[in-house]
Amino acid sequence: MMDQGEEGDEEEAWLQLRPVEPLPLQCCGSGCSPCVFDIYQRDLARWEAARASKDRSLLSREETQSCPSKLSPETFLAFLISAVDRLTEDTYLVRFALPGNSQLGLRPGQHLILRGTVDDLEIQRAYTPISPANAEGYFEVLIKCYQTGLMSRYVKSWKAGDTAFWRGPFGGFFYKPNQYGELLMLAAGTGLAPMVPILQSITDNAEDETFITLVGCFKTFEGIYLKTFLQEQARFWNVRTFFVLSQENSLEQLPWSYRDRTRFGRLDRDLLEELVGSCRRKPFALVCGSAEFTKDMAGYLLHAGLAEDSYFLF
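What counts, and where the lines are drawn
All chains use their own residue numbering, which begins from 1 and follows the written sequence. Side-chain atom pairs in this predicted model are given and counted only at pLDDT of 80 or more, local residue features only at pLDDT of at least 70, and totals for whole chains, interfaces and linings cover all residues. The side-chain values count all of the structure's non-hydrogen atoms but skip hydrogen atoms and water molecules. Known as pLDDT, the predictor's per-residue confidence is scaled from 0 to 100. It only takes one pair of heavy atoms within 4.5 Å for two residues to be counted as in contact. Accessible area is worked out with a 1.4 Å probe on protein chains only. A residue is then buried under 20% of its type maximum, exposed over 50%, and partly exposed in between. The numbering of helices and of strands both runs from the N terminus, where a helix is a DSSP run of H or I of at least 4 residues and a strand a run of E of at least 2. Only buried residues count toward a nonpolar core, which is a set of Ala, Val, Leu, Ile, Met, Phe, Trp, Tyr and Cys residues joined through side-chain atoms within 4.5 Å. For the purposes of this description, domain bounds are those given by an automatic or database domain assignment. Any pair of Phe, Tyr and Trp rings, taking the six-membered ring for Trp, is counted once the centres come within 6.5 Å. Such a pair is stacked with planes under 30 degrees apart, edge-to-face with planes over 60 apart, and tilted for the rest. Here, over-ring charges are defined by two tests on the NZ atom of lysine or the CZ atom of arginine: distance to the ring centre within 6 Å, and angle to the ring normal within 35 degrees. UniProt positions are given in the numbering used here, feature names are shortened, and annotations may be inferred rather than shown by experiment.

## A short note on the confidence of the model for the protein
Part 1 of the argument: Across the protein, the average pLDDT comes to 87, with 87% of residues at or above 70.
Part 2 of the argument: Note on residues 61–69: pLDDT under 50 across the span, and 19 contacts to partners over four residues away in sequence or across chains.

As structure tokens, this is what we get:
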């Protein structure tokens, strides 16, 4: 029989094992299932059951796995960083290794949740791999870092050989070949990410005759991500690319190949209506960018005559 001191120590030991409730900012806000709060409630229930039966073995489970062969929406898995390339002043392209010739198992447009720790605070954010869905032995993620962002501090510390933890896949948009006559892709900044694997899955499939109009919104010409990839894609018969640059004002400063498909300013209601009207078939729109960009585009699309079931907001 334990004395009071031993009971107090035992109680303290159990309290230290209690899962910590996430802060609101630890939720990525992407509507994931399970959400970080769902996982907390599950872990809390497990802890309460273990405490009631005084059986700590009920708490033991595999938190992470090295060299995973299959993704898990609930459990963070460890992936080795094989390369970190700085594309612009604040944007990085990071490659993660997969064992052998294995594939990540995402469908085009799905995303993952990244877990990071800064100042002893666990944070989570959603990112969409830009590598082809059938890429073997690796996957790549485009990440923009912000001066005051907690996750940005974590990402900036990465180097080849480090390990990062991901769970997934998540996402409510599932592309099927020839499902739509034309896809109108509206992307701002790193909102380009979910468009890339969808675009490539179409151009890689000779039997997919979907037209694509990709509109990339960036501050400057130099800030356009993946220029080489986008130039290559624009050579396909069914792909058009346009760019809207908010901090440029001179066509003469742009390469010739960009001058006839670049506008200055912002993607406003009139320009979007013009783009919708220029589509070769009735478009289904995909939108990804900041919350403000996404809200504006949804309103503009409705004004241009697209119903709410004719667009998807990432």
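## Remarks on helix α4 (residues 195–203)
Part 1 of the argument: Of all the nine residues making up α4, eight are buried; the element is thus mostly covered by neighbouring parts of the structure.
Part 2 of the argument: Among the residues of α4, those classed as buried are Met195, Val196, Pro197, Ile198, Leu199, Gln200, Ile202 and Thr203.
Part 3 of the argument: On its buried face, α4 sits against β7 (182–188), β8 (211–218), α5 (227–233), β9 (239–245) and β11 (283–288).

## Considering the nonpolar core
Part 1 of the argument: Counting 33 residues, the largest nonpolar core has Leu183, Met185, Leu192, Ile198, Ile224 and Leu286 as its most contacted members.
Part 2 of the argument: If you list the elements that add at least two residues to this core, you get β7, α4, β8, α5, β9 and β11.
Part 3 of the argument: Take this core: its biggest share by element is five residues, from α4.
Part 4 of the argument: Two domains share this core, each providing at least three of its residues, namely domain 1 (77–170) and domain 2 (182–313).
Part 5 of the argument: Ignoring sequence-local partners within four residues, the contact set of Ile198 consists of Pro108, Gly109, Phe173, Tyr175, Leu183, Met185, Leu286 and Phe314.
Part 6 of the argument: Counting residues in each nonpolar core, the second largest holds 25 residues, with Leu77, Phe96, Leu106 and Trp158 among its members.

## Quick notes on the packing of aromatic side chains
Part 1 of the argument: One pass over the full model with this rule turns up 17 aromatic pairs.
Part 2 of the argument: Taken together, a centroid distance of 5.7 Å and an interplanar angle of 90 degrees make the contact between Phe96 and Trp158 edge-to-face. In this pair, Phe96 is assigned in strand β2 (residues 91–97) and Trp158 in the loop between α3 (150–156) and β6 (163–170), connecting sequence segments 62 residues apart.
Part 3 of the argument: On the basis of relative accessible area, Trp158 is assigned to the buried category, the value being 8%.
Part 4 of the argument: Grouping aromatic residues by their ring pairs yields a cluster made of Phe79, Phe96, Tyr127, Phe139, Tyr154, Trp158 and Trp166.
Part 5 of the argument: Over the face of the ring belonging to Phe165 we find Arg115, whose NZ or CZ atom lies 4.8 Å from the ring centre.
Part 6 of the argument: Over the ring of Trp256 we find Arg259; its NZ or CZ atom is 4.1 Å from the centre of that ring.

## Thoughts on the UniProt feature "binding site: FAD" (unreviewed entry) in the protein
Part 1 of the argument: Taking the numbering used here, the UniProt-annotated feature "binding site: FAD" (unreviewed entry) corresponds to Arg125, Tyr127, Leu142, Lys144, Met151 and Ser152. Spanning 28 residues, the named residues nonetheless gather at one spot, since no C-alpha pair among them exceeds 13.4 Å.
Part 2 of the argument: Following the sequence through the fold, Tyr127 ends up in strand β4 (residues 121–127).
Part 3 of the argument: We classify Tyr127 as buried; its relative accessible area is 14%.
Part 4 of the argument: With near-sequence residues (within four places) excluded, Tyr127 lies in contact with His111, Leu112, Leu114, Val141, Leu142, Ile143, Met151 and Trp166.
Part 5 of the argument: Take Leu142: it is sitting in strand β5 (residues 138–144).
Part 6 of the argument: Other than its neighbours up to four places away in sequence, Leu142 contacts Leu87, Thr91, Tyr92, Leu93, Tyr127, Ile130, Thr190 and Tyr225.

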